[in-house]
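# Structural overview for review
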Amino acid sequence: MGGRLLLESEGPGKGATPGLLTLINAGEGAPPYSRGHNVAERSGTLAMNITRLHSRSLGILFLLPFFAYGMGTALVTSVLKDPEHLALVAGQRTPFVGGALLLLLNSITVVGIGVLFFPILRERSPSIAVAYVCTRVMEALILIVGVVFLLCILQLGESAQGQTTPELVTLFKLLSKGNFWAYQLAMIILGAGSVAFCLSLYRSRLLPSFLPLVGAVGYGLLALGSVLELFGLPWGVLFSGPGGLFELFLGGWLIAKGFRTVTPSVAA
C-alpha cells in the first residue's frame, strides 16, 4: 500500500525510476520475514530432521551389538564346547565362521557409535569427543584381535586331521585365553573411556539427567568387573549389568524420543 501512495503523489506524467519501481514492487506483498530469515528457518528445520535421523541411527547402533555379539558368541561357543573335541571343529566350520563374522559386525558398530557421537560431543567438549572416538576404535581393534584368536582355533582344528593331541589342546587353551583377555581389556577401555562421555552428556542436558549418571556408574563398574576378571575373580558378568542396561535403555530412548532440544542458556 505504501508503494501505491508514493506513485500517486508523483502525479500524472511523472514516472518512477526503474530502481524505485523495483523497490516498490518488492515492497508490495513481501512476507514479514527476510530472505535470510527464511533460509535460516529452512536450515533449522533440516537440522532438526537430521538430528532425529542421527539419534535413531545411534539408537540402532547401541542395540545392534547386543544381538551381534550375543548370537556370535553363542555360535562360536556351541562349536568350542570341549578342547578334547578340537578335531570336530573343522566339521562345523559354517556356524563357527558365521559367529566370527557377527563378532566382527559388533566391532564395526561400536566404531560407528563413536563416529556418530563425535559431532554431538564436539559442540560442547572437543577433547571428550576425540577421546570417545578413540575409546570406541581401541575397543573395536582389541575385540578384532579376540576374533583373530578364535579364527586361529578354527585353523588349529582343521590341522588336527581328526586327532587331538595334548599339544593341540594346550594351543587351544592359550588361544581361548587370548580371546578372553582381549575381551576383558576391551571392556576396561570402554568402561574407563565412557565415564567422561556420560558426564559430558549430563552437562549437555540432551538426555534426562538420571540416564547419563546411571551410564557413568555402569561403565565404571564394567571396567572394575573386567579388572577383577583378569585377576581370577568371576564377577565380570555381575558388574557389567548396569552398563549393559544403560546401553539398552539409551538405544531405545534415542529411537523413540531422540535428543532434547537445548537452548544455549540451558546448556550453559
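Going by the structure above, here's the rest.
Overview of the structure. Small disclaimer: the values here were computed from a predicted structure and weren't measured.

### Re the overall build of the chain
Each helix and strand in the chain was counted, giving nine helices and zero strands. Reading the helices (α) and strands (β) of the chain from amino to carboxyl end gives α-α-α-α-α-α-α-α-α. Taken over 268 residues, the chain has a buried fraction of 36%. Element-wise, carbon and sulfur atoms account for 69% of the exposed surface of the chain, whose accessible area totals about 15000 Å².

### A word on the packing of aromatic side chains
This model, assessed by the stated rule, comprises ten aromatic pairs. Look at Tyr 219 and Phe 246: their rings are 5.6 Å apart centre to centre, the planes differ by 75 degrees, and that puts the pair in the edge-to-face class. In this pair, Tyr 219 is assigned in helix H7 (residues 210-230) and Phe 246 in helix H8 (residues 236-256), connecting sequence segments 27 residues apart. Exposure remark for Tyr 219: the relative accessible area of 1% places this residue in the buried category. A relative accessible area of 2% places Phe 246 in the buried class.

### Quick look at a nonpolar patch on the surface
Residues Ile 60, Leu 64, Leu 105, Ile 108 and Ile 255 make up a contiguous nonpolar surface patch of roughly 400 Å² in combined accessible area. Broken down by secondary-structure element, the contributors of at least two residues to the nonpolar patch are helix H3 (35-79) and helix H4 (93-122). The residue Ile 108 is located in helix H4 in this model. Accessibility expressed as a relative area gives 59% for Ile 108, which makes it exposed.

Calculation criteria
- Counting restarts for each chain: residues are numbered from 1 in the order of the written sequence.
- Two thresholds apply to this predicted model, a pLDDT of at least 70 for residue-level local features and 80 or more for giving and counting side-chain atom pairs, whereas whole-chain, interface and lining totals are computed over all residues.
- In computing side-chain properties, one takes all heavy atoms of the structure into account and sets aside hydrogens as well as water.
- Labels follow the DSSP assignment, with helices taken as runs of H or I lasting at least four residues and strands as runs of E lasting at least two, numbered in each case from the N terminus.
- Burial classification: accessible surface area is computed with a 1.4 Å probe over protein chains only, and a residue below 20% of its type maximum counts as buried, one above 50% as exposed, and the rest as partly exposed.
- Here, Shrake-Rupley sampling with a 1.4 Å probe gives the accessible areas, and only protein chains in the shown set may cover a residue.
- Aromatic rings from Phe, Tyr and Trp, taking only the six-membered ring of Trp, are treated as a pair when their centres fall within 6.5 Å; an angle between ring planes under 30 degrees marks them as stacked, one over 60 as edge-to-face, and anything in between as tilted.
- Put simply, a patch holds well-exposed residues, over 30% relative accessible area, that have no salt bridge, with like charges counted together within 9 Å and Val, Leu, Ile, Met, Phe, Trp or Tyr side chains within 5 Å.
- By salt bridge we mean one thing: a side-chain nitrogen of Lys or Arg within 4 Å of a carboxyl oxygen of Asp or Glu.

Scope: geometric values only; no functional claims are made or implied.
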